[in-house]
Amino acid sequence: MTAAGEITGQDRSMLHLEEMVLNMGPQHPSTHGVLRLVLHLDGEMLISVDPVLGYLHRGFEKLAENRTYLQYLAMISRLDYLSGIFMEWSYVRSVEALMDIEVPKRAEYIRVIIGELNRIISHHVAIGDFMLNLGAVTPFFWVFRDREDVMDMLEMVTGQRMMYNFMRIGGVRWDLPDAFEADCRKFLKEFPGRIDEYEQLITENEIFLSRTLGMGIIKPFEALDYGISGPNARASGVDWDLRREVGYSVYPEFDFAVPLGQHGDCFDRYKCRIEEMRQSVRIVEQALDSLCGGPVNLKLPPMLRPPEGDLYRAVESPRGEFGVYLVSRGGLRPWRLKLRDPTFSAISMIPKLTPGYKIADVVAIAGSLDLLMGGVDR
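Residues numbered from 1 in each chain as written. Predicted model: local features only at pLDDT ≥ 70, side-chain atom pairs only at ≥ 80, totals over all residues. Heavy atoms only, no water.

A. Seen up close, the environment of P192. Here P192 shows up in helix α7 (residues 180–202). Put simply, P192 and V49 are 143 residues apart on the chain and 38 Å apart in space, counted from C-alpha to C-alpha. In this structure, P192 is in contact with R278 and V281, ignoring residues within four places of it in sequence. (Helix = DSSP H or I, 4+ residues; strand = E, 2+ residues; numbered from the N terminus. Contact = heavy atoms within 4.5 Å.)

Below is the structure:
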C-alpha cells in the first residue's frame, strides 16, 4: 500500500481483490441518452471510466450531401433536440456568410428572442435532470412547470414545441404573432422570482452541497485543452462567450453579463446555468424593446447555389460552441458538412474527472456536464 493509502497490484494479489467492470448504460437515466460508461471499480471506488459512443449514429453530416441547402434545415434541429434553434442558427449563418447575405434587422432580433428563450428551457432540463440524478424530485417538477410556459410561447411562434424548423437562410420563417409580446413580457416579469425559488430550494441545501462542492473539478487549462466550452468552461473561470467575443447577430447592442465560476466543480456548473437564465431574461427584454419594423426574411430562390468556398460559423448554444464547417463547390447541395458539438468535448473529460470517486459521484459529475447525445454521433 502506498503512502496515500492506495492498494498496489502486489497488495491486491495478496488480499485476493479483483477489479470489477460495471456497465452504466447505454440505457440508463443518469447517462442522459444512449451513453455507455464502462466503470472499472475497486469495490465502490472508481479506478477508471471509459465512455463508449456510437449508439445513436444517424449520419447527419453525410446526409447533408444529399439534401439541398433548404431541405437540410428540417434535419439539423434534431441533433441537439433540446436547443434546436441554435443548430439551425449556426447552419444558416454559415450559408449566409458564404453567400454574403445581410439578414433584415427585425429577423435578427427575433432570432435572439427565440434563441434566448430556447436557452432558458434547455437550462431547465439541465438543472432539473441534474437534481433528479441526485435524488431531488421537487426541483425537477418545478423547472418543468415553468418550462411549459416557454414552450407554449415557442409553439405560438414556430408551430412546434421541439425541432422548430424556424430559421431560414436570410431570416426567419415568419413574423411574431400579435399575442406573443404580451405573453413574453408577462413571463419575463414573473420568471426571475421563479429562479429565486429554485435557489431557495437547491443552492444552500446541505445534501446538494455535499454532493457537488469540490466534485469533478475542471481546471481552466484543462477546459481549454479538451475543447470544453459554454457553462462547463465558464464555471472554471474561462471568460469566453461567443455572443460577446464574436458579437454575431445583434448581441453587441445588448447589455448582459457572462457568469463565471471560481472552482470549476459541479456546484459552479449548476450556478452558472442559474445565472445564465437571469441574463437571458435581460437579453430578451432588451430585444423586445429594440424590435423594429421591416421584413423578417429575404425572398431567395428555393434552390440556392452558394459560390465555391469553405468557412466555419458557430453560435453560443446552451451547452457551448456549436459550429458548422461548410464546403461548397457551387452546387445545389453542400459538398461537405462538418459539425462541432460541445457535448462530444464534455464527454471526453469524464475519464479525467472520475477516478478516485464513488459510483454515485459519477452520476453527479456526468449530470453536471449537461450531456445530450443527439449531437455526438453525427
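Further notes follow.
B. Representation of a nonpolar patch on the surface within the structure. The grouping of L132, V137 and F141 at the surface amounts to a nonpolar patch, some 270 Å² of accessible area in total. When you line up the elements, V137 lands in the loop between α5 (105–133) and α6 (138–158). (Patch = residues over 30% accessible without salt bridge, like charges linked within 9 Å, V, L, I, M, F, W, Y side chains within 5 Å. Areas by Shrake-Rupley, 256 points an atom, 1.4 Å probe, with all protein chains shown as cover. Salt bridge = Lys/Arg side-chain N within 4 Å of Asp/Glu carboxyl O.)

C. Geometry of the pairing of strand β2 (residues 36–42). Taken across its seven residues, β2 has five buried, putting it largely inside the fold. When strand β1 (residues 20–24) meets β2, the two strands line up antiparallel, connected through five bridges. Looking at the pairing, V21 lines up with H40 of β2. Of the strand pairs in this sheet, β2 and strand β3 (residues 45–52) are connected by seven bridges, and their pairing is antiparallel. Across the sheet, the residue bridging to H40 is S48, located in β3. The turn joining β2 and β3, which pair antiparallel and follow one another in sequence, is formed by two residues; a positive phi near 70 degrees is taken by G43. (Buried < 20%, exposed > 50% of the residue type's maximum accessible area, 1.4 Å probe, protein only. Pairing = 2+ DSSP bridges.)

D. Spatial organisation of helix α15 (residues 359–368). α15 sits mainly inside the fold: eight of its 10 residues count as buried. Of the residues making up α15, those classed as buried are D361, V362, V363, A364, I365, A366, G367 and S368. Positive phi appears at D370, one or two residues downstream of α15, with a value of about 55 degrees.

E. Representation of the packing of α5 against α6 within the structure. The interhelical angle for the contact between α5 and α6, taken along N-to-C directions, is 160 degrees, at an axis separation of 9 Å. The angle between α5 and α6 falls in the class roughly antiparallel. For the crossing formed where α5 meets α6, the hand is left-handed. On the side of α5, the interface is formed by I114, L117, N118, I120, I121, H124, V125, G128, D129, M131 and L132, while α6 contributes P139, F140, V143, F144, D146, R147, V150, M151, M153, L154 and V157. In the contact of α5 with α6, the residues fall into 16 nonpolar, three polar and three charged. (Axes fitted to C-alpha atoms, helices over the stretch in contact; angles between N-to-C directions. Parallel < 35°, antiparallel > 145°, perpendicular 65-115°, else oblique. Left-handed = near helix turned anticlockwise from the far one by under 90°. Nonpolar A, V, L, I, M, F, W, Y, C, P; charged D, E, K, R; others polar.)

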